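# Close look at the chain arrangement
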Amino acid sequence: GENVEQHPSTLSVQEGDSAVIKCTYSDSASNYFPWYKQELGKGPQLIIDIRSNVGEKKDQRIAVTLNKTAKHFSLHITETQPEDSAVYFCAASIRGNQFYFGTGTSLTVIP
Amino acid sequence: DTAVSQTPKYLVTQMGNDKSIKCEQNLGHDTMYWYKQDSKKFLKIMFSYNNKELIINETVPNRFSPKSPDKAHLNLHINSLELGDSAVYFCASSQVYGGSYEQYFGPGTRLTVT
């Protein structure tokens with residue numbers, strides 16, 4: 001089955017700096033890669049996603065890149081703000097049938 | 001309106017009991033899921049279900065069973081609860097067939113087994 005690895009497990013950045021979280025996957029059939037933000041006491045919230053036919057996608061301060069050949073994808077958050085502090089999860093899916101999650105990255109943005 | 005809702009939000013029970021968690025989605029999605037999140041925040045898929053197929057994670061004990069009365073509901077039944085079942089359980093839904101694959105999560109149910 002699919003195996004998703006995520007790094008780093010914890011990340012601290014100064015407010016205004018950029019944060020990058022990286023994931024790798026094992027199954028070349030995976031074609032959908034979402035990213036989720038989970039705040040304390042809440043369920044994961046979809047923040048951005050990318051499909052395998054696209055190399056990069058951006059939404060305001062958030063961007064995701066995908067390298068199909070290397071089987072890795074990354075989340076980039078620019079101009080970080082304290083409210084970006086949360087746990088972030090990457091996931092990989094084959095046509096949306098099952099989702100395999102990374103182990104999470106706890107991001108702390110220091111004011 | 002809440003897209004994916006779960007009840008109860010907290011559930012405290014004793015070992016050996018049987019309990020259920022309810023989930024409802026009002027997004028018209030065709031597929032629903034149950035996940036378990038342990039104390040280390042690992043998210044593990046337990047089941048995915050649509051009206052055609054139930055996919056069970058092979059590591060899930062058969063004490064856990066999903067029951068779907070209709071497309072909008074997927075309840076989780078747990079028999080003979082054990083201490084190791086303590087975790088947060090999330091329901092989610094997505095549109096798989098002809099859809100965007102976007103998956104939306106409920107707020108979670110924190111299960112504590114004593």
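Above this text you will find the structure in question.
Here goes a summary of the coordinates provided. Note that the structure is a prediction, hence the values are computed from the model and not measured.

Reading the values: the criteria
- Residues numbered from 1 in each chain as written.
- Chains lettered and ligands numbered in written order.
- Predicted model: local features only at pLDDT ≥ 70, side-chain atom pairs only at ≥ 80, totals over all residues.
- Heavy atoms only, no water.
- Helix = DSSP H or I, 4+ residues; strand = E, 2+ residues; numbered from the N terminus.
- Buried < 20%, exposed > 50% of the residue type's maximum accessible area, 1.4 Å probe, protein only.
- Lys, Arg positive; Asp, Glu negative; His and termini not counted.
- Salt bridge = Lys/Arg side-chain N within 4 Å of Asp/Glu carboxyl O.
- Polar contact = N/O pair within 3.5 Å; in protein donor to acceptor, adjacent residues only side chain to side chain.
- Pairing = 2+ DSSP bridges.
- Contact = heavy atoms within 4.5 Å.
- Buried area = accessible area lost by both parts, 1.4 Å probe.
- Axes fitted to C-alpha atoms, helices over the stretch in contact; angles between N-to-C directions.
- Phe/Tyr/Trp six-rings, centres within 6.5 Å; stacked < 30°, edge-to-face > 60°.
- Lys NZ or Arg CZ within 6 Å of the ring centre and 35° of its normal.

## Things to note about the side chain of D30 of chain B
Residues and elements named next belong to chain B.
- Assignment of secondary structure puts D30 in the loop between β3 (19-25) and β4 (31-37).
- Here D30 sits buried without a salt bridge, and the closest side chain of opposite charge, K71, lies 6.6 Å off (N-O distance).
- Separated by 2.9 Å, the side chains of D30 and T31 make a polar contact.
- For D30, the side chain forms a polar contact with the main-chain nitrogen of V96, separated by 2.9 Å.

## Let's talk about the pairing of β4 of chain B
All names here are of chain B.
- Across the seven residues of β4, seven count as buried, placing the element largely inside the fold.
- Alternating positions in β4 separate into two faces, T31, Y33, Y35 and Q37 on one and M32, W34 and K36 on the other, with burial throughout.
- Hairpin connection between β4 and strand β5 (residues 43-49): a loop of five residues separates the two successive antiparallel strands, and K41 in this loop has a positive phi of roughly 75°.

## Quick look at the interface of chain A and chain B
- The partner chain B presents 22 residues to the 19 residues of chain A that form the contact.
- Across the chain A/chain B interface, buried area totals approximately 1,800 Å², and carbon plus sulfur atoms make up 56% of it.
- Together, N97, Q98 and F99 of chain A form the three largest contributors to the area buried by chain A at its contact with chain B, with a combined 25%.
- For the pair chain A and chain B, the number of links is zero salt bridges.
- The tally of links between chain A and chain B comes to three residue pairs in polar contact (both at pLDDT 80 or more).

## Looking at the sheet that holds strand β6 (residues 56-59) of chain A
Residue and element names in this part refer to chain A.
- Taken together, the five strands give an open sheet; going across it, the order is β1-β3-β8-β7-β6, and neighbouring strands pair in antiparallel fashion. Only two strands of the sheet have a single neighbouring strand rather than two, namely β1 (4-7) and β6. In this sheet, neighbouring strand axes are inclined to one another by 15° on average, regardless of whether the strands run parallel or antiparallel.

## Remarks on the sheet that holds β3 of chain B
All names here are of chain B.
- Reading across the sheet, the four strands line up as β1-β3-β8-β7 and stay open at both edges, with antiparallel pairing between neighbours. At either margin of the open sheet sits one strand with a lone partner, and together these are β1 (4-7) and β7 (64-70). Sheet twist, expressed as the average angle between the axes of neighbouring strands with direction ignored, equals 20°.

## Topic: the packing of aromatic side chains
- The final tally for this structure, using the stated rule, is 16 aromatic pairs over all chains.
- Ring centres of F89 of chain A and F101 of chain A lie 6.4 Å apart, and the angle between their planes is 80°; this geometry places the pair in the edge-to-face category. With F89 of chain A in strand β9 (residues 86-93) and F101 of chain A in strand β10 (residues 99-101), the pair connects residues that are 12 residues apart, well separated along the chain. With respect to class, F89 of chain A is no different from F101 of chain A; both count as buried.
- A network of ring pairs unites the aromatic residues Y32, Y36, F89, F99 and F101 of chain A together with Y33, Y35, F90, Y101 and F105 of chain B as a single cluster.
- The ring of Y101 of chain B carries the charged tip of R51 of chain A above its face, separated from the ring centre by 4.2 Å.

Distances and angles like these do not, on their own, reveal function.
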